[in-house]
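Below are the chains, spelled out letter by letter.
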Amino acid sequence: MNLVLLGPPGAGKGTQAKLLEDSRSLVKLSTGDMLRAAVAAGTELGRKAGDIMERGQLVPDDLVIGLIAERMDKDGGGHGFILDGFPRTIAQAEALDRLLKERGKKLDMVIAMEVDDDGLVARVAGRFACAFCGEGYHDIYKPPKVEGVCDRCSSAGFLRRQDDNEEVVRSRLEAYHAQTEPLIDYYTRQDKVRTVDGMADIATVQKEIGRALDGEGRKGAKNGAKTPG
Ligand SMILES: [Zn+2]
């Protein structure tokens, strides 16, 4: 079973990909992880990617595709793979189809994690963590039991990631809607899309994805899924 997880940053793709890796023995191919690993390993592709990232530029498609091909050839056997963070554009989706075809493989399913923008902004923008033990918190959903004191280690220092603010999250969502949503149409034409509610809690999303994989999920993209407001 070869899968793509689609959804905006903050929808929980990485978390769900990890759960699938553990529960279904699929190989998780996260382009972010792969790029970092290739740079750390100093492979030819890694050196090229490292140079480009150092200049603050986007790593070109052919390089990312090369990395995916390398990983697929190395450990693409077994039960299949989950792509997280790729493809993001139609051009990348077409390149992925070619790459798979060359290897006698195909994409079996695309899981689209639907989110509502305001809800996602609230979720991501409220995140912070203990500076000492790393315990994760949220302004609304999971504040410390005693304000300003970590539940786990009782320290009083907290950190907020700089890019977890409303402005950054909104601009990432805009990029996602413009670039990645056409992919849903692309894969709907191939009859591969299953939608899950990305705003549900982690366990519920995991269950919905499990049902989709077992052939019981909602088929196709939901139309007009925008939340009012
Ligand atoms: Zn702590």
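Peer 1: What's the story with the packing of aromatic side chains in this structure? I'm lost.
Peer 2: Aromatic ring pairs are described here by two measures, namely the spacing of the ring centres and the angle between the planes. Using the criterion set out here, one finds 4 aromatic pairs in the structure. Seen from their ring centres, Tyr 186 and Tyr 187 are 5.1 Å apart, and the 80° between their planes marks the pair as edge-to-face. Like Tyr 187, Tyr 186 is buried. Three or more aromatic residues link up through ring pairs in this structure, and these residues are Phe 128, Tyr 137 and Phe 158. Between the NZ or CZ atom of Lys 142 and the centre of the ring of Tyr 137, over which it lies, the distance is 5.1 Å.

Peer 1: I tried to follow the packing of helix 2 (residues 31–41) against helix 3 (residues 44–54) on my own but got confused; where do I start?
Peer 2: Geometry of a packed helix pair, given as the angle between the helix axes and the separation of the axes. Running from N to C, helix 2 and helix 3 point in directions that differ by 110°, and their axes come no closer than 7 Å. Judged by the angle between their axes, helix 2 and helix 3 are roughly perpendicular. Touching Leu 35, Ala 38 and Val 39 of helix 2 are Gly 46, Ala 49, Gly 50 and Met 53, all from helix 3.

Peer 1: Sorry if this is basic, but what is going on with helix 3 here?
Peer 2: Because each turn of an α-helix spans 3.6 residues, side chains separated by three or four positions end up pointing in the same direction. When helix 3 is considered as a whole, its buried residues turn out to be Leu 45, Gly 46, Ala 49, Gly 50 and Ile 52. Each buried residue of helix 3 sits inside an arc of 165° when the element is viewed along its axis, so together they form one side. In helix 3, the exposed residues that point more than 90 degrees away from the buried face are Glu 44 and Glu 54. Once helix 3 ends, the next one or two residues include Gly 56, with phi positive near 75°.

Peer 1: I tried to follow the sheet that holds strand 6 (residues 136–138) on my own but got confused; where do I start?
Peer 2: One key point about sheets: their strands pair by backbone hydrogen bonds, in either a parallel or an antiparallel sense. What the 3 strands build is an open sheet, ordered 6-5-7; its pairing is antiparallel. Strands with a single pairing partner mark the edges of an open sheet, and in this sheet they are strand 6 and strand 7 (158–159).

Peer 1: Please explain the packing of helix 6 (residues 117–125) against helix 7 (residues 166–179) as it appears in this structure.
Peer 2: Axis separation between helix 6 and helix 7 bottoms out at 9 Å; the angle between their running directions is 140°. Relative to helix 7, the element helix 6 lies oblique. As for how helix 6 packs across helix 7, the hand of that crossing is right-handed. For the pair helix 6 and helix 7, the contacting residues are Asp 117, Asp 118, Leu 120, Val 121, Val 124 and Ala 125 in the first and Glu 166, Val 169, Arg 170, Arg 172, Leu 173 and His 177 in the second. For the contact of helix 6 with helix 7, the class distribution of residues is 6 nonpolar, 1 polar and 5 charged.

How each quantity is defined
- Residues numbered from 1 in each chain as written.
- Predicted model: local features only at pLDDT ≥ 70, side-chain atom pairs only at ≥ 80, totals over all residues.
- Heavy atoms only, no water.
- Phe/Tyr/Trp six-rings, centres within 6.5 Å; stacked < 30°, edge-to-face > 60°.
- Buried < 20%, exposed > 50% of the residue type's maximum accessible area, 1.4 Å probe, protein only.
- Lys NZ or Arg CZ within 6 Å of the ring centre and 35° of its normal.
- Axes fitted to C-alpha atoms, helices over the stretch in contact; angles between N-to-C directions.
- Helix = DSSP H or I, 4+ residues; strand = E, 2+ residues; numbered from the N terminus.
- Parallel < 35°, antiparallel > 145°, perpendicular 65-115°, else oblique.
- Contact = heavy atoms within 4.5 Å.
- Arc of directions from axis to C-beta.
- Pairing = 2+ DSSP bridges.
- Left-handed = near helix turned anticlockwise from the far one by under 90°.
- Nonpolar A, V, L, I, M, F, W, Y, C, P; charged D, E, K, R; others polar.

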